[in-house]
Amino acid sequence: MQNLCLIAAFGNKGQVGLNNALPWDIPEELKHFKETTQRGTVIMGRETFQSIGHPLPNRNNIVISTKLTYIPGVTVYSSLDAALADVKTHPRIYVIGGPSLWQEALGKAGHLVFSEVNYDGEADVFLPESFFESVRSNFMIKMIRHKSEFTASFWSRINKVA
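Residues numbered from 1 in each chain as written. Predicted model: local features only at pLDDT ≥ 70, side-chain atom pairs only at ≥ 80, totals over all residues. Heavy atoms only, no water.

> Help me understand the sheet that holds strand 4 (residues 60-64), please; the structure alone is not making it clear to me.
Strand pairing in a sheet relies on backbone hydrogen bonds, with the paired strands running either antiparallel or parallel. The strand order 5-4-3-6-1-7-10-9 describes an open sheet built from eight strands, whose pairing is mixed. With one partner strand each, in any of the chains shown, strand 5 (75-77) and strand 9 (139-146) form the two edges of the open sheet. Taken over all neighbouring pairs, the strand axes of this sheet differ in orientation by 25 degrees on average, direction set aside. Taken together, the seven bridges between strand 7 (residues 111-117) and strand 10 (residues 150-157) define a ladder with antiparallel strand orientation. (Pairing = 2+ DSSP bridges. Helix = DSSP H or I, 4+ residues; strand = E, 2+ residues; numbered from the N terminus. Axes fitted to C-alpha atoms, helices over the stretch in contact; angles between N-to-C directions.)

Right under this line is the structure:
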C-alpha cells in the first residue's frame with residue numbers, strides 16, 4: 001500500500017523498548033513522531049497501546065489485538081489485514097509498533113520513517129537484524145535529517161508491494 005508507512009525509533013543495536021517504554025527520553029524525537037503522524041491513522045499492537053496508556057490525540061487510533069475487543073476511543077481489529085482493508089483509502093496510515101507488527105507490515109508498506117537514536121544502553125525489546133536486511137533490500141533512503149540526538153531517515157520502496 002503506497003499510503004502505508006512504518007514509523008519506528010531504535011537504538012544502535014535495534015533497541016526499541018525497555019520495561020514497556022522507550023529506553024530513552026528525547027523530547028525532540030517525540031515531537032518528530034507527533035508532527036509526522038498527526039491527522040493520520042495510527043495502527044499499533046496491544047502492548048504498544050498499553051505502554052502509551054491512551055489513544056493518541058488528533059489521530060484515528062487502531063489497535064491490533066486478539067485479546068481485547070473494545071477500548072474507548074480506539075477501533076480494535078483482530079488482524080493487521082482486517083484493519084488495512086477498512087482504512088485502505090485513508091491518505092496517511094502509520095504502523096507505530098511494536099516489532100512484530102512492524103515486521104508483519106514491512107512487506108505491505110510503501111514508506112518508512114525511522115529515528116535512529118545514538119543509544120547503546122539496556123533494552124528488552126529489539127528489532128531483529130533480519131528486519132533491517134529486508135529494509136536494505138526493498139527500500140531506498142529518500143531523505144535524511146540530522147538532529148542533535150537522533151537521525152530521521154525517510155525511505156521509499158524500490159520494488160512492488162507484495
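> I'm lost on the pairing of strand 6 (residues 93-97) in this one. Help?
Every regular strand shows the same layout, with side chains that alternate between the two sheet faces. Most of strand 6 is tucked away: five of the five residues are buried. Where strand 1 (residues 4-10) meets strand 6, three bridges bridge the pair, whose relative direction is parallel. Bridge pairing in strand 6 places L4 opposite I93. Here strand 3 (residues 41-45) pairs with strand 6 via four bridges, running parallel. Note that in strand 6 the partner of V42 across the bridge is Y94. (Buried < 20%, exposed > 50% of the residue type's maximum accessible area, 1.4 Å probe, protein only.)

> Quick question: what am I supposed to make of the side chain of Q15 here?
Its place among the elements puts Q15 in strand 2 (residues 15-17). Among the polar contacts made by the side chain of Q15, one reaches the main-chain amide nitrogen of K13 at a distance of 2.7 Å. Those residues within four positions of Q15 in sequence are excluded, and the remaining contacts are A9, F10, W24, Y119, D120, G121, A123, V125 and F126. (Polar contact = N/O pair within 3.5 Å; in protein donor to acceptor, adjacent residues only side chain to side chain. Contact = heavy atoms within 4.5 Å.)

> Just to check I follow, could you spell out the nonpolar core for this structure?
One recurring pattern in soluble globular proteins is that nonpolar side chains are buried together. One finds L6, I43 and F131 to be the most contacted residues of the largest nonpolar core, which totals 28 residues. Looking at this core, the elements with two or more residues in it are strand 1, strand 4, helix 3 (80-87), strand 6, helix 4 (99-106), strand 7 and helix 5 (129-138). When neighbours within four sequence positions are excluded, L6 is seen to be in contact with V95, W102, A105, L106, A109, H111, L112, V113 and F131. With 21 residues, the next largest nonpolar core counts I7, I26, V63 and Y119 among its residues. (Core = buried A, V, L, I, M, F, W, Y, C linked by side-chain atoms within 4.5 Å.)

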